[in-house]
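Here's the letter readout for the chains.
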Amino acid sequence: MKILYYLVLSLWYLLSLLPLSVLYVLSDGLYLILYHIVGYRKKVVRQNLASSFPEKTATELRQIEHGFYHFFCDYLVESIKMKTMSREEMKRRMVFKGMDIIQQSVNEGQSVALYLGHYCNWEWVASLPMWLTGNVKCGQIYHPIENKDFDRLFLSQRQRFDALCIPMQDTLRKILEFRRSNQPIVVGYIADQKPHWVNIHHWLDFLNHDTPVLTGTERIVKKVNHTIVYLDMHRVRRGYYEGEIKLITREPQKVADYGLTDAYYRMLEESIRRAPAYWLWSHKRWARTRQEFNERFEVIDGKVIAKDHPANH
């Protein structure tokens, strides 16, 4: 495994030295392989698109499908380029707007929770620290990779521009550490992931689906009273993105239960409907249904417990 790690690291580094114009030629070739030859998750993508946009024609759906695979391959080579991209080039290609919303909060001593999705190039959002001034830290919640070597590889990539990667299980502990030291922090949460069965506490209508959603982010930000913002991503053109900061609330504790989660998903859906090809359609987002949940689980004192669990006998 060590040999594989060093081979991947070497290849990744060498490819990242190529200009993006050359990498996009590789992306075009990768598109032909993934889409036309391998058919990478094509069935999942088609099913997701058809059920999300029943109002669209077959031709429209196929255009979005082609656009997604083209973008996904671009995302892969752009992520490779991030390995050696200069700070100046990254700041030119990934532009953030509305930063005054975040800056005002941190200047006043209130940390910020930034909701975003797997939309446009979410890896480049790790360059956000370059757009902040003063004594403020930036962090992003991530799932550690089981293999320690490859986890280190991706950590070095995502922390190149001074963003701190925080393991999901340590989120609240790390945030409380920053608060005890009076250190304002901006924390990014990619919250459009499929929850485990036992973490399903809320369902909502999202892209024409009855969707189970993660609510842990909402519980954390209410506990620590962070300003809540949404990052509305736009792909300006190939290799150039804009992320617009949009305020959700500065007083999360006054928002009704699940109100923050609902607001996030409404805004994310607006982003996706504006340009559908740039969301990650290849994951099985709607594999869990409410019917199966009700058949297999019940909620007791706020905890989701399997009906065949010993505690129920």
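Because the structure is predicted, anything quoted here is derived from the model rather than measured. (Residues numbered from 1 in each chain as written. Predicted model: local features only at pLDDT ≥ 70, side-chain atom pairs only at ≥ 80, totals over all residues. Heavy atoms only, no water.)

Undergrad: Now, about the environment of Val-229: what can you tell me, with residues and values included?
TA: Mapping Val-229 onto the fold places it in strand 8 (residues 227–237). Residues in contact with Val-229, not counting those within four places in the same chain, are Ile-101, Val-112, Ala-113, Leu-114, Tyr-115, Ile-245, Lys-246, Leu-247 and Ile-248. (Helix = DSSP H or I, 4+ residues; strand = E, 2+ residues; numbered from the N terminus. Contact = heavy atoms within 4.5 Å.)

Undergrad: A description of the side chain of Thr-215 should follow, citing residues and the corresponding values.
TA: On the secondary structure map, Thr-215 appears in the loop between strand 7 (209–212) and helix 9 (216–224). A distance of 2.8 Å separates polar atoms of two side chains, one belonging to Thr-215 and the other to Arg-219. If near-sequence neighbours (up to four positions away) are discounted, Thr-215 is found in contact with His-201, His-202, Tyr-258 and Thr-261. (Polar contact = N/O pair within 3.5 Å; in protein donor to acceptor, adjacent residues only side chain to side chain.)

Undergrad: Account for the layout of surface pockets, with residues named and values stated.
TA: For the largest pocket, the calculated volume is near 1,400 Å³. Lining the largest pocket are 49 residues, and of these His-118, Ile-141, Tyr-142, His-143 and Gln-193 sit closest to its centre. Elements with a minimum of two residues in the lining of the largest pocket: helix 4 (58–81), strand 2 (112–116), strand 3 (137–142), helix 7 (148–158), strand 5 (185–190) and helix 9. When grouped by side-chain class, the residues that make up the lining of the largest pocket number 28 nonpolar, 16 polar and five charged. (1 Å grid on protein atoms, 1.4 Å probe; cavity = no way out; pocket = protein on both sides within 12 Å on 5 of 7 lines; lining within 4 Å. Points joined across faces, edges and corners; volume = space filled by probe spheres on them. Nonpolar A, V, L, I, M, F, W, Y, C, P; charged D, E, K, R; others polar.)

Undergrad: Can you explain unusual backbone geometry? Please cite residues and give values.
TA: Positive phi outside glycine occurs at Asn-208, with the angle close to 70°. Counting through the fold element by element, Asn-208 comes out in the loop between strand 6 (203–206) and strand 7. Located in the positive-phi region is Asp-301, a residue other than glycine, with phi close to 55°. Its location among the elements puts Asp-301 in the loop between strand 10 (297–300) and strand 11 (303–306).

Undergrad: Quick rundown of the packing of aromatic side chains? Include the residues and the values.
TA: Within this structure, the stated rule accounts for 25 aromatic pairs. Ring plane angle 80° and centroid distance 4.9 Å describe the contact between Phe-206 and Tyr-265, whose orientation is recorded as edge-to-face. Here Phe-206 is found in strand 6, whereas its partner Tyr-265 is found in helix 10 (residues 259–274), with 59 residues between them in sequence. By relative accessible area, Phe-206 is classed as buried at 0%. Across from the ring centre of Tyr-240, 4.6 Å away, lies the NZ or CZ of Arg-93, which sits over that ring. The ring centre of Tyr-240 lies 4.0 Å from the NZ or CZ of Arg-237, which sits over that ring. (Phe/Tyr/Trp six-rings, centres within 6.5 Å; stacked < 30°, edge-to-face > 60°. Buried < 20%, exposed > 50% of the residue type's maximum accessible area, 1.4 Å probe, protein only. Lys NZ or Arg CZ within 6 Å of the ring centre and 35° of its normal.)

Undergrad: So what's going on with the pairing of strand 2? Residues and values would help.
TA: Among the five residues that make up strand 2, five are buried, leaving the element largely enclosed by the rest of the structure. Of the two faces of strand 2, both are covered, the one formed by Val-112, Leu-114 and Leu-116 as well as the one formed by Ala-113 and Tyr-115. Where strand 2 and strand 8 come together, four bridges link them in parallel fashion. Looking at strand 8, one finds that Val-112 is bridged to Thr-227. (Pairing = 2+ DSSP bridges.)

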